[in-house]
Amino acid sequence: MTTPRWFSQPYPPEGASAAEGIRNQLGRPELDLLTILVRESAQNSWDAQLDGSVRPVEYRIDLRTVGPAHAPAWRELLLDGVPMANNQLPLRESLRRGSVQLLAVSDRGTRGLSGPTRADDALGDERDFVSFVRNIGEPRDTALGGGTYGFGKGIFYLLSRAGSVLLHTRCRTPDGGFETRLIGCALWRSYIADGPDGERRYTGRHWWGDNSGEVIEPLVGAAADAVARRLGLEPFADDETGTTVIVIDPILERDEEKLSPPEAADYLADTIAWHLWPKMIAPQNGLPAMCFTVRCDGVYVPVPDPRERRPLDLFVAAYEQMAGQDGRSLDCHRPKRHLGRLGLVKRVMPRLEPTQASRMVGIDTLVHHVCLMRPAELVVTYHAGPKPPSENQGYAGVFRSDAEMDGYYAQAEPPTHDAWNPHSLEYPGSTFVRTTFTRINEAVEGLLALGGTARAGTAKVALGAASSLFSGLAGGTWGIGGATAYAKPGSAATSLRRVTDEDEPAEYAATWDEAPPAKASRDGLLSAPTTQLSDADPPASSPMDGHGVKPTKPNGVRRLRPRVQYLGEPYYEDRADITVLVQDFRLPVFIRQRVRVDLAVTLPGTGGRETDPPLGADMPTLIGWEDSQGLVHPEDACEIEGGDGIWRALVRPAPDTMTEIGIKVEAVRPT
């Protein structure tokens, strides 16, 4: 039988990737290593599901200590050929401790690490083995899969104090049979060491297996089964395929807090629920997409049921709404694309009892979050929205991007797949992702009735009006009652005066009129509410005809009063190399008018506005007025013929602020 041993890769003349570069590809994530392990390994398992299988993918995490019957085999087999110096590879130190600790991540109902075992032979589509063992940064080969460039496998090495793992896999062969494969891999750091021909540089990458050929090959078939039995690895059934990744000497920590194996198992079980719950909920009369198991030294640790665990049950309800008839479609208007579907659920609920896993995703005693996911239905992140007005109220949402847009959202994710960053994309992808947050913001605001201002077209009714309505219910008193003030919210008050010969013609009176200002946050996220604006009905005290013309007064003079009709809410667009805030509007009165813009910065929730910036601070600025043909007029005051044409105010917003756009209009006196 072939005796496995280690091989350390020297730098070839043409160069190679250093181990440090591969280990650093995950960057500096905010999530802890155990959470990243759950997310990345489950994502790999889901992407490896068997084609056409109706059975759930089985996913399991085992924490265990190597027993005395198998510990000698681990030291005998895995120390052969390992570098002597601890700074070259600390595996020797890990295996010579009193006990050997392991963390095994297994999947079944997957295709295993199939395909050629040499990178130069992997010419076809089937190359799972070389993608995991040999190559770095290959593009994903699974349509709508959760992964992108395979960097997630680095978490296994980061989680090992020895930087070492064993891969035990079973896959189909081209002739339809089954093959077991066993190989070891290690990533630590590059180094210089003495060799037969003097000092030589090494990449810090190591492989353990059959070294009888040009490269280290995995043990296969009977040889792999025999060594696996000596090491005490769980065997595969006759017709079973899948993979087990065994992390040697795992780092069991959470936020730099050391955990015992039972504590780590509890944390892993809760983490599975928070990050993988979409795969746990079974459709009606069906099976879940994945089944999850956690064990610690052979003892099962229960994984919470998301339908029974608060507040995950709220996210489940939002998911079911999103997937059903009540789900809402989110769209981008320019460019016009369907972004995905959203479900939102609000409930009265007591304060939550947070867990370490819920705190890791940013959910403490109150849930006010939207779960973001791609078509693979793996949790990307929980996006925090505005807090509800009451501590006894909460809401949860689920947004799933459309399959045709999956590429944009995948490119917006960092290597850990735990965020969508629009700034990392070029146009139009940046617009699609940014608009997604804007549309979610609008939906959440509608759910909570946020904004704090009266909708256009409503009247400000004084409290005295109520006394007029109810005065008949009270006897023995007399009075004139309360007066009711009807006015268009945000309109400039205009006094009605008698026109004399010295006045300019009333039909072209230069009185400013403005609609309520529109607000939008600079980043377009949920933290800043956006006010829905529409055309306001004429005030009840001054009715107009269809062209905005006031009826004839006693002196026979008619008066045309210009007005602004906002078309929807402000939105962001990428123009050349800048992002602009756009407000669509129309001037429905058929006369020539002059428009100006009134820009300010407001603080969310305060209603205050700033028109004079602090020293050194930026203010939003007008770029110009865009007509229906796309021509931009850069002047501050632009003359426009009223009618049905749509115009756009283009504004450069100030960074990290909420921008308020008010449009003023006056009639232009004919010459």
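Since the model is a prediction, treat every value here as computed from it, not as a measurement.

## Regarding the overall build of the chain
The helix and strand tally for the chain stands at 13 helices and 32 strands. When burial is assessed residue by residue, the chain has 50% of its 671 residues classed as buried. By element, 50% of the accessible surface of the chain is carried by carbon and sulfur atoms, the whole surface being about 31,500 Å².

## Focus: the side chain of Ser-45
As for its placement among the helices and strands, Ser-45 is situated in helix H2 (residues 33–47). With sequence-adjacent residues up to four places away left out, Ser-45 is seen in contact with Val-57, Tyr-59, Asp-107, Thr-110 and Met-290.

## Examining unusual backbone geometry
It is generally the case that most residues other than glycine have a negative phi and that most peptide bonds are trans. In the segment running from Arg-310 into Pro-311, the intervening peptide bond is cis, with an omega of -5°. The topology assignment puts Pro-311 in the loop between strand S13 (299–301) and helix H9 (312–323). Omega for the bond connecting Tyr-427 with Pro-428 falls within 30 degrees of zero, at 5°, which places this linkage in the cis form. Within the fold, Pro-428 resides in the loop between helix H11 (406–411) and helix H12 (429–448). Of note in this structure, Asp-297 is not a glycine but carries a positive phi near 50°.

## Concerning the nonpolar core
Leu-103, Phe-156, Leu-167, Ile-272, Trp-277, Phe-315 and Tyr-382 are the most contacted members of the largest nonpolar core, which has 79 residues in total. When residues of this core are assigned to their parent elements, the largest contribution, 9 residues, is made by helix H8 (residues 261–276). Leave out the neighbours within four places in its chain, and Ile-272 touches Val-38, Tyr-59, Ile-61, Trp-277, Met-280, Phe-292, Val-294 and Val-303. Counting 29 residues, the second-largest nonpolar core is a separate cluster that includes Leu-78, Leu-91, Ala-104 and Ala-162.

## Brief notes about the sheet that holds strand S18 (residues 393–401)
Strands sit in the order S14-S15-S18-S16-S17 across an open sheet of 5 strands; the sheet is mixed. The sheet is open, and its two edges are formed by strand S14 (328–333) and strand S17 (379–384), each paired on a single side. Between one strand and the next, the sheet's axes are offset by a mean angle of 25°, whatever the strand orientation. Sheet topology note: the strand S16 (residues 368–373)/S18 ladder contains 6 bridges and is parallel. Its bridge partner lying in S18, His-369 is registered against Ala-396. Its contacts with the sheet put H9 on strand S15 (336–348), S16, S17 and S18, and the angle it makes with S15 is roughly 140°.

Reading the values: rules and limits
- Residues numbered from 1 in each chain as written.
- Predicted model: local features only at pLDDT ≥ 70, side-chain atom pairs only at ≥ 80, totals over all residues.
- Heavy atoms only, no water.
- Helix = DSSP H or I, 4+ residues; strand = E, 2+ residues; numbered from the N terminus.
- Buried < 20%, exposed > 50% of the residue type's maximum accessible area, 1.4 Å probe, protein only.
- Areas by Shrake-Rupley, 256 points an atom, 1.4 Å probe, with all protein chains shown as cover.
- Contact = heavy atoms within 4.5 Å.
- Core = buried A, V, L, I, M, F, W, Y, C linked by side-chain atoms within 4.5 Å.
- Pairing = 2+ DSSP bridges.
- Axes fitted to C-alpha atoms, helices over the stretch in contact; angles between N-to-C directions.

None of the figures reported here should be taken as evidence of function without further support.
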